[in-house]
Amino acid sequence: MLTAIGLMSGTSLDGVDVALIETDGERIGRFGPTAYRAYTGAERDLLRRALADAAPMTDRDARPGASADAEKLVTRAHAEAIEDFLQANGLSRSHIDVVGFHGQTVLHRPERKLTVQIGDGRALARTLGIPVVFDLRAADVAAGGQGAPLVPVYHRALVNMQNSDGPTVVVNIGGVANITYIDGDTLIACDTGPGNALLDDFMLRRTGEAVDRDGRAAASGRIDEEWISRALSRPFFALPPPKSLDRNDFAALTIEGMSVQDGAATLTALTAVSIAAIAQMLPKLPARWIVVGGGASNPTLMTMLGKRLAPATVVRGADLGWSGDAVEAQAFAYMAVRSLKSLPLTFPGTTGVPAALTGGVLAKP
Ligand SMILES: Nc1ncnc2c1ncn2[C@@H]1O[C@H](COP(=O)(O)OP(=O)(O)OP(=O)(O)O)[C@@H](O)[C@H]1O
Ligand SMILES: CC(=O)N[C@H]1[C@@H]2OC[C@@H](O2)[C@@H](O)[C@@H]1O[C@H](C)C(=O)O
């Protein structure tokens with residue numbers, strides 16, 4: 001078993017998740033501690049500007065506008081997150097075999113064979129004195145895959161730890177939402193649509209706070225079903241898996257005429273409805289849905305999802321002893337070990353890559 005730390009800075013732009021696991025790249029030996037390093041308001045603003053400035057990019061090594069400063073921030077924030085994590089948990093760097101570093105996606109255009117994660121893996125390895133595996137999406141996209149989602153291989157390892165009969169779906173609700181369908185050897189995955197990003201952006205614009213804390217605003221609002229039907233007529237929703245999204249693909253869906261409560265209710269419902277709609281595109285109707293990611297902490301979203309998926313059961317990963325918020329960080333620890341062993345990260349059913357493929361670049365300190 002190797003000891004690996006995974007790092008994820010997701011599309012919600014809220015902060016860096018850190019998690020340690022022991023794994024041989026197949027089985028999960030032990031879950032270790034987890035941590036979170038939030039971005040400050042100013043740091044989030046810089047990341048948002050970097051996403052805007054990266055939109056016209058064609059060369060993945062270019063760092064236009066704010067993305068150059070944002071890359072320095074991302075590298076520094078991740079180094080700080082690891083140093084604090086080692087100290088808080090009394091860990092010595094010599095005990096860590098590898099760090100899996102996702103970086104921050106600023107642009108995702110797989111149809112142009114382009115996916116850009118900022119963050120300097122080589123500098124991180126030098127600063128930490130620990131080997132770092134980074135750039136985990138590039139090989140998949142270069143081979144014609146979607147380059148996302150990557151976590152299905154880890155969702156499979158998690159589900160294999162349970163006694164499960166029949167198909168299970170793991171739902172991750174981050175900035176974008178994605179699912180993994182696991183039934184024996186069948187592994188199917190895709191992004192399903194918005195996760196929390198549209199709702200966060202709406203709340204920030206309307207209230208100054210980038211979250212509908214505990215789904216309170218949405219709980220007292222009215223869902224505009226007509227608006228949802230219009231949103232669902234976008235071509236993305238009719239595509240079968242595998243498929244993936246850029247964080248800002250739905251940014252043009254405006255909802256400005258509505259009150260904060262009605263807007264929050266409607267955007268929360270769009271997330272739930274678009275996740276539930278994927279059930280029709282899966283080989284069998286799954287009996288069990290396990291929800292992870294920040295969206296699992298939003299009770300209004302969980303209630304809506306439960307209603308839309310009934311009679312299937314909907315549980316939170318946290319209820320099964322999984323670390324609900326750190327699953328993605330754990331996944332990047334797991335993938336770093338798989339990368340060291342040249343084991344596949346992506347599969348035809350998860351990203352559409354022609355054959356199972358490994359990925360990641362190793363930087364030694
Ligand atoms: N208590 C809560 N109430 C409502 N929403 C919450 C709560 N806690 C977290 N969230 C939502 O979860 C989001 C963070 O989710 P998460 O950490 O999974 O995102 P991420 O790491 O950016 O993931 P991804 O890479 O999948 O986009 C927050 O921006 C917020 O919208
Ligand atoms: C391009 C990119 O960074 N995509 C993220 C995003 O956030 C959620 C969803 O969209 C997922 O496809 C992916 O992240 C997770 C970690 C993944 O690759 O599985």
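Here, every reference points to the structure presented above.
Keep in mind the model is a prediction, meaning the values are calculated, not measured.

### Remarks on the overall build of the protein
Thinking step 1. Counting its secondary structure elements, the protein contains 13 helices and 12 strands.
Thinking step 2. Here the C-alpha radius of gyration of the protein, 19 Å, is about what a compact globule of 365 residues would show, namely 21 Å.
Thinking step 3. Contacts spanning at least 24 positions in sequence make up 69% of the contacts within the protein whose residues lie at least 6 apart.
Thinking step 4. Summed over all atoms, the accessible surface of the protein reaches about 14,300 Å², with 50% contributed by carbon and sulfur.
Thinking step 5. Side chains of the protein give 35 positive and 39 negative charges; the mean places of these two sets differ by 1 Å.

### What about the site of ligand 2?
Thinking step 1. Thr-105, Arg-137, Leu-150, Val-151 and Asp-191 are the nearest of the 15 residues found near ligand 2.
Thinking step 2. Here Leu-150 contributes a backbone N or O atom positioned 2.8 Å from an oxygen atom of ligand 2.
Thinking step 3. In this structure, Val-151 approaches ligand 2 through a main-chain N or O atom, which is 2.9 Å from an oxygen atom.
Thinking step 4. A total of 430 Å² of accessible area belongs to ligand 2 in isolation, and the protein chains cover 98% of it.
Thinking step 5. Those elements that provide at least two residues to the shell around ligand 2 are strand S4 (98-109), strand S8 (176-183) and helix H12 (327-340).
Thinking step 6. At three residues, S4 tops the list of elements feeding residues into the shell around ligand 2.

### Observations regarding the packing of helix H5 (residues 152-160) against H12
Each pair of packed helices gets described by two things: the angle between the helix axes and the distance between those axes.
Thinking step 1. As a packed pair, H5 and H12 sit with axes 9 Å apart at the nearest point and diverge in direction by 100 degrees. Comparing their axes, H12 and H5 come out roughly perpendicular. Across from Val-153, Tyr-154, His-155, Arg-156, Ala-157 and Leu-158 in H5, the residues of H12 making contact are Val-327, Gln-330, Ala-331, Tyr-334, Met-335 and Arg-338.

### What about helix H10 (residues 260-277)?
Residues three or four positions apart in an α-helix share a direction because the helix packs 3.6 residues into each turn.
Thinking step 1. Along its 18 residues, H10 runs 25 Å from first to last C-alpha, staying within 8% of the 26 Å computed at 1.5 Å per residue.
Thinking step 2. In terms of burial, H10 is a largely internal element, 15 of the 18 residues being buried.

### Structural notes on the site of ligand 1
Thinking step 1. Lining the immediate environment of ligand 1, one finds 23 residues, of which Thr-11, Ser-12, Gly-175, Asp-200 and Glu-328 sit closest.
Thinking step 2. At 2.7 Å from an oxygen atom of ligand 1 is found a main-chain nitrogen or oxygen belonging to Gly-175.
Thinking step 3. Within the contact set of ligand 1, an oxygen atom lies 2.8 Å away from a backbone nitrogen or oxygen of Gly-294.
Thinking step 4. Across the complex, the protein chains shield 88% of the 650 Å² of accessible surface that ligand 1 would expose by itself.
Thinking step 5. When grouped by side-chain class, the residues that make up the shell around ligand 1 number four nonpolar, 12 polar and seven charged.

### Structural notes on the pattern of salt bridges
Thinking step 1. Inspection of the entire model under this criterion finds 16 salt bridges.
Thinking step 2. Between Glu-22 and Arg-30 there is a salt bridge whose closest N-O contact spans 3.1 Å.
Thinking step 3. A salt bridge links Arg-316 to Asp-319; the nearest nitrogen and oxygen atoms lie 3.9 Å apart.
Thinking step 4. Under the relative-accessibility criterion, Arg-316 is labelled partly exposed at 31%.
Thinking step 5. One salt-bridge network, in which partners are shared between bridges, spans Arg-37, Glu-43, Arg-76 and Glu-80.

### Things to note about the pairing of S8
Thinking step 1. Burial analysis of S8 places eight of its eight residues in the buried class, the great majority of the element.
Thinking step 2. Connecting strand S7 (residues 168-173) to the next strand, S8, in antiparallel fashion are two residues.
Thinking step 3. For S8 and strand S9 (residues 186-194), the ladder comprises eight bridges, and the chain directions are antiparallel. Counted as the bridge partner of Ile-179 is Cys-190 from S9.
Thinking step 4. Counted between consecutive antiparallel strands, the loop separating S8 from S9 contains two residues, among which Gly-184 sits at a positive phi close to 60 degrees.

### Examining the packing of aromatic side chains
Thinking step 1. Going through the model one piece at a time under the given rule, you end up with four aromatic pairs.
Thinking step 2. Each ring, one from Phe-236 and one from Phe-237, has its centre 5.7 Å from the other, and the planes form 80 degrees; the classification is edge-to-face.
Thinking step 3. Since its relative accessible area comes to 12%, Phe-236 is described here as buried.
Thinking step 4. An aromatic cluster of three or more residues is present, and its members are Phe-236, Phe-237 and Phe-250.
Thinking step 5. For the cation-ring pair, Lys-243 lies above Phe-236, with the distance from its terminal atom to the ring centre recorded as 4.4 Å.

Conventions adopted
Residues numbered from 1 in each chain as written. Chains lettered and ligands numbered in written order. Predicted model: local features only at pLDDT ≥ 70, side-chain atom pairs only at ≥ 80, totals over all residues. Heavy atoms only, no water. Helix = DSSP H or I, 4+ residues; strand = E, 2+ residues; numbered from the N terminus. Rg over C-alpha atoms; globule rule 2.2 N^0.38 Å. Contact = heavy atoms within 4.5 Å. Areas by Shrake-Rupley, 256 points an atom, 1.4 Å probe, with all protein chains shown as cover. Lys, Arg positive; Asp, Glu negative; His and termini not counted. Charge placed at Lys NZ, Arg CZ, Asp CG, Glu CD. Near = heavy atom within 4 Å. Polar contact = N/O pair within 3.5 Å; in protein donor to acceptor, adjacent residues only side chain to side chain. Axes fitted to C-alpha atoms, helices over the stretch in contact; angles between N-to-C directions. Parallel < 35°, antiparallel > 145°, perpendicular 65-115°, else oblique. Expected span 1.5 Å × (residues − 1). Buried < 20%, exposed > 50% of the residue type's maximum accessible area, 1.4 Å probe, protein only. Nonpolar A, V, L, I, M, F, W, Y, C, P; charged D, E, K, R; others polar. Salt bridge = Lys/Arg side-chain N within 4 Å of Asp/Glu carboxyl O. Pairing = 2+ DSSP bridges. Phe/Tyr/Trp six-rings, centres within 6.5 Å; stacked < 30°, edge-to-face > 60°. Lys NZ or Arg CZ within 6 Å of the ring centre and 35° of its normal.

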